[in-house]
Amino acid sequence: MAAAAFSPSFFFSLSSITDSEGKNDNVISTVNRFRNPGSLLLLRHCRGTRISCSSTASDPTSVHHHQQLKSRRPPEENIREEACRRDEANASHGFSACYVPFDAPADTAETYSLDDVVYRSRSGGLLDVRHNLSALKRFPGSHWRALFDSRVGRTTWPYGSGVWSKKEFVLPEIDPDHIVSLFEGNSNLFWAERLGRDHLGGMPDLWVKHCGISHTGSFKDLGMTVLVSQVNRLRSAPLNRPIAGVGCASTGDTSAALSAYCAAAGIPAIVFLPTDRISLAQLVQPIANGATVLSIDTDFDGCMRLIREVTAELPIYLANSLNSLRLEGQKTAAIEILQQFDWEVPDWVIVPGGNLGNIYAFYKGFEMCRELELVDRVPRLVCAQAANANPLYLYYKSGWADFKPMVAADTFASAIQIGDPVSIDRAVFALKATDGIVEEATEEELMDAMSLADRTGMFACPHTGVALAALFKLRERGVIKTNDRTIVVSTAHGLKFSQSKVAYHSKEIANMACQYANPPVHVKANFGSVMDVLKKKLEGKLSL
């Protein structure tokens, strides 16, 4: 029997749901999905006894459009070809976006097409991607909530991706055939029950958003799928732009993401890495994916200056967060958090900060949902920095009066070891708009926080340790309350930074107590020696 399926453009109409007393019930709070292969049913906590379904195949823009039952695609057709064949995959409904100068007024005359290769405004400032909100507002917030919910966990191209399931909010005009996706996003929320209960004063609503559980092990995948997709569009007919490759400077994670997505698209990747400043796991990723890797004897800021000079001379597309396209993908993590909480807004979101594009991306995602009435407010944001690379923190402590770039010192949180962040203005804007806070963590604080979290079931990276250390400080000061719903954003997988964990648990880090170290115990190969160790370890826990 053919499997029933609802397309991303179609879902149940809730307009006629009534309860036993005949009262209209418009509460939309969660989605129950009952899946046979390809099937989806939306039954959203309705007390009612009657559900009406709309099926107007002639009107693809209808909010209550229900797809007819369809058989499985032909075996010789892949999911990308199927998407091109389906009419609804190509409908834009007038949605569009363009580049404008960052923080430009609504009526600015300076706009650029997303098909333009441009990174700075005429004044030399940053650019931002601005969406045609008037077109998006033709549909109510309930439409977008239900549409995005209907796409979760599917293989329908490209909507199975956590980024492209929000395509209308990201790159609405791109053809699905140009999208380069590795089905990124849809990362889990880890309920940090024991950490909150035992170590943070009984916090019952503490969560970790594991953005590092992604294809290349970091949140950078969310932005890179958007940027490489747009490059793929530019290089393809009918535009046929002469772009020879895509390049970036990196502290490790950006280069890994760029290399993977370029490899998937068959586009050359060039990465500039600071010598001896990234983990071996991060270094091997672009090498394995076939990128041209230049190890340069400087820090990230020096690599960034060089890549900007090179891309000004050669037809290489710049992939760093100076390019605002990446932020459009990264903002979907914020939308995903709202979605995972059934469109309830958390109180706090804590984000590690280095080059500072991500804190602004989270703000963009939350604010877009507020403006389009998917939610009614935004959370307060916290940007957490390593004390060895903390220019934003120092700027915040000065009352936003005196920003000074710095030469970042070595930190275990190497991906945020940046002293002259490109997105400083974006970060300040986001923090001011959300009544946000900036906090810092020393090397010992971040490593202890990471290791303590690991003891409660996580396997956190040092950057997550920075965010967790900030949480500990804000709890101690009473800023974050016991019952505040708090999200800590984990930006990378702990396996990419296993060297730092080995050093910590071996107590090999100079001037660090490593109070949560758990080194292996070397034991002679006989029963008595093993029993002696175990009895000592389990003292008070055995009834012998």
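In the block above lies the structure referred to throughout.
Residue numbers restart at each chain and count upward from 1, following the sequence in its written direction. Reporting in this predicted model follows two pLDDT cut-offs: at least 70 for local features of residues, and 80 or more for side-chain atom pairs to be given and counted; totals over whole chains, interfaces and linings ignore these cut-offs and use all residues. Heavy atoms from the whole structure form the basis of all side-chain values; hydrogens and water molecules are not counted.

### Here we look at the environment of Asp-448
Argument step 1. For Asp-448, the position within the fold is in helix H15 (residues 443–454).
Argument step 2. Only protein chains enter the accessibility calculation, which uses a 1.4 Å probe; a residue is then buried when its area is under 20% of its type maximum, exposed when over 50%, and partly exposed in between. Exposure remark for Asp-448: the relative accessible area of 9% places this residue in the buried category.
Argument step 3. The sequence separation of Asp-448 and Gln-515 amounts to 67 residues, and the corresponding C-alpha distance is 7.1 Å.
Argument step 4. Setting aside anything within four residues of it in sequence, one finds Asp-448 in contact with Tyr-504, Cys-514, Gln-515 and Tyr-516. Put simply, DSSP H or I for four residues or longer makes a helix, DSSP E for two residues or longer makes a strand, and each gets a number counted from the N terminus. Note on contacts: a residue pair qualifies if any of its non-hydrogen atoms lie within 4.5 Å across the two residues.

### Topic: the pattern of salt bridges
Argument step 1. Counted as salt bridges are all cases of a side-chain nitrogen of Lys or Arg within 4 Å of a carboxyl oxygen of Asp or Glu. A complete count under the given rule lists 21 salt bridges for this structure.
Argument step 2. Between Lys-364 and Asp-128 there is a salt bridge, and its shortest N-O distance comes to 3.1 Å. Placement of the pair is Lys-364 in helix H12 (residues 357–371) and Asp-128 in strand S2 (residues 127–131), with a sequence separation of 236 residues. This pair shows no difference in class: Lys-364 is buried, exactly as Asp-128 is.
Argument step 3. Residue Glu-344 pairs with Arg-485 through a salt bridge whose shortest N-O separation is 3.2 Å.

### Thoughts on the packing of helix H7 (residues 253–265) against helix H8 (residues 280–288)
Argument step 1. Note on method: axes are straight lines fitted to C-alpha atoms, helices fitted across the in-contact stretch only, with angles between N-to-C directions ranging 0 to 180 degrees. Between H7 and H8, the shortest axis-to-axis distance is 8 Å and the interhelical angle comes to 20°. When the interaxial angle is binned, H7 and H8 end up roughly parallel. Seen along the crossing, H7 lies across H8 with a hand that is left-handed. Between H7 and H8, the residues in contact are Asp-253, Ser-255, Ala-256 and Ser-259 and Gln-282, Gln-285 and Pro-286, respectively.
Argument step 2. Lys, Arg, Asp and Glu make up the charged group, whereas Ala, Val, Leu, Ile, Met, Phe, Trp, Tyr, Cys and Pro make up the nonpolar group; the residues left over, Gly among them, are polar. A breakdown of the residues in the contact of H7 with H8 according to their chemical character gives two nonpolar, four polar and one charged. For classification purposes, an angle smaller than 35 degrees is called roughly parallel, one larger than 145 roughly antiparallel, one from 65 to 115 roughly perpendicular, and anything else oblique. For any pair of crossing helices, the crossing counts as left-handed if the nearer helix is rotated counterclockwise from the farther one by less than a right angle, and right-handed if it is rotated clockwise.

### Observations concerning the nonpolar core
Argument step 1. To define a nonpolar core, start from buried Ala, Val, Leu, Ile, Met, Phe, Trp, Tyr and Cys residues and group those joined through side-chain atoms within 4.5 Å. Counting 105 residues, the largest nonpolar core has Leu-258 and Tyr-317 as its most contacted members.
Argument step 2. At eight residues, H12 tops the list of elements feeding residues into this core.
Argument step 3. Residue-level mapping places this core at the junction of two domains, with at least three residues from each of domain 2 (189–217 + 327–505) and domain 3 (220–325).
Argument step 4. Once you skip the residues sitting within four places of it in the chain, Leu-258 turns out to touch Met-224, Val-228, Val-246, Gly-247, Cys-248, Ala-269, Ile-270, Val-271 and Ala-319.
Argument step 5. Leu-446, Met-447, Ile-480 and Cys-514 belong to the second largest nonpolar core, which has 39 residues in total. For the domain bounds, the source is a domain assignment made automatically or taken from a database.

### Overview of the sheet that holds strand S6 (residues 269–274)
Argument step 1. Between any two strands, at least two bridges found by DSSP are needed for them to pair. Pairing is parallel across the open sheet formed by four strands, whose spatial order is S7-S6-S5-S8. Two strands bound the open sheet, and with one partner strand each, they are strand S7 (292–296) and strand S8 (316–318). Adjacent strand axes in the sheet meet at a mean angle of 25°, parallel and antiparallel pairs treated alike.
Argument step 2. Across four bridges, strand S5 (residues 245–249) lies against S6 in parallel orientation. Looking at S6, one finds that Gly-247 is bridged to Ile-270.
Argument step 3. Sheet contacts for helix H6 (residues 220–235): S5 and S8; angle to S8, the most-contacted strand, approximately 145°.

### A few points about a nonpolar patch on the surface
Argument step 1. Where nonpolar side chains cluster on the molecular surface, the patch consists of Val-521, Val-523, Val-530, Leu-534 and Leu-538 and spans about 380 Å² of accessible area.
Argument step 2. With respect to the element layout, Val-523 can be found in the loop between helix H17 (498–505) and helix H18 (527–537). Patch criteria: residues need more than 30% relative accessible area and no salt bridge. Like-charged residues are merged within 9 Å; nonpolar side chains of Val, Leu, Ile, Met, Phe, Trp and Tyr are merged within 5 Å. For the area figures, the Shrake-Rupley method with a 1.4 Å probe applies, and any residue is considered shielded solely by the protein chains shown.

### Digging into the sheet that holds strand S12 (residues 486–490)
Argument step 1. On the basis of which strands lie adjacent, the open sheet formed by six strands has the order S3-S4-S12-S9-S10-S11 and mixed pairing. Looking at strand neighbours, the two that pair on one side only are strand S3 (189–191) and strand S11 (437–441), the edges of this open sheet. Taking the axes of each pair of neighbouring strands and ignoring which way they run, one obtains an average angle of 25° across the sheet.
Argument step 2. One ladder, built from five bridges, connects strand S4 (residues 206–210) with S12; its direction is parallel. Residue pairing across strands places Lys-209 opposite Val-489, the latter belonging to S12.
Argument step 3. Packing of helix H11 (residues 332–340) onto the sheet brings it into contact with S3, S4 and S12, and relative to S4 it is tilted by some 135°.

### Observations concerning helix H16 (residues 462–476)
Argument step 1. Here, expected helix span is obtained from the residue count minus one, scaled by 1.5 Å. Taking 1.5 Å of rise per residue, 15 residues should cover 21 Å, and H16 covers 21 Å from first to last C-alpha, within 8% of that figure.
Argument step 2. Counting buried positions along H16 yields 14 of 15 residues, so the element is predominantly enclosed.
Argument step 3. Of the residues one or two after H16, Gly-478 is the one with positive phi, at around 80°.

### Quick notes on the pairing of S4
Argument step 1. The element S4 is extensively covered by neighbouring structure, given that five of its five residues are classed as buried.
Argument step 2. Burial along S4 is two-sided: the face carrying Leu-206, Val-208 and His-210 and the face carrying Trp-207 and Lys-209 are both buried.
Argument step 3. Judged from the three bridges that link them, S3 and S4 form a sheet pairing that is antiparallel. Among the inter-strand pairings, Leu-189 is bridged to a residue of S4, identified as Lys-209.

### A word on the environment of Pro-405
Argument step 1. With respect to the helices and strands, the residue Pro-405 is situated in the loop between helix H13 (391–397) and helix H14 (424–433).
Argument step 2. In this structure, the C-alpha to C-alpha distance between Pro-405 and Ile-418, residues 13 residues apart in sequence, is 9.2 Å.
Argument step 3. Beyond its immediate sequence surroundings of up to four residues, Pro-405 is in contact with Gly-419 and Asp-420.

### Some remarks on unusual backbone geometry
Argument step 1. Geometrically, the link from Trp-157 to Pro-158 is a cis peptide bond, its omega value of -10° lying close to zero.
Argument step 2. Each neighbour pair has its own omega, and for Ala-237 with Pro-238 the value is 5°, a cis peptide bond.
Argument step 3. Within the secondary structure layout, Pro-238 lies in the loop between H6 and S5.
Argument step 4. Of note in this structure, Trp-400 is not a glycine but carries a positive phi near 60°.
Argument step 5. The phi torsion at Lys-507 lies on the positive side, around 55°, for a residue other than glycine.
Argument step 6. When you line up the elements, Lys-507 lands in the loop between H17 and H18.
Argument step 7. We classify Lys-507 as exposed; its relative accessible area is 53%.

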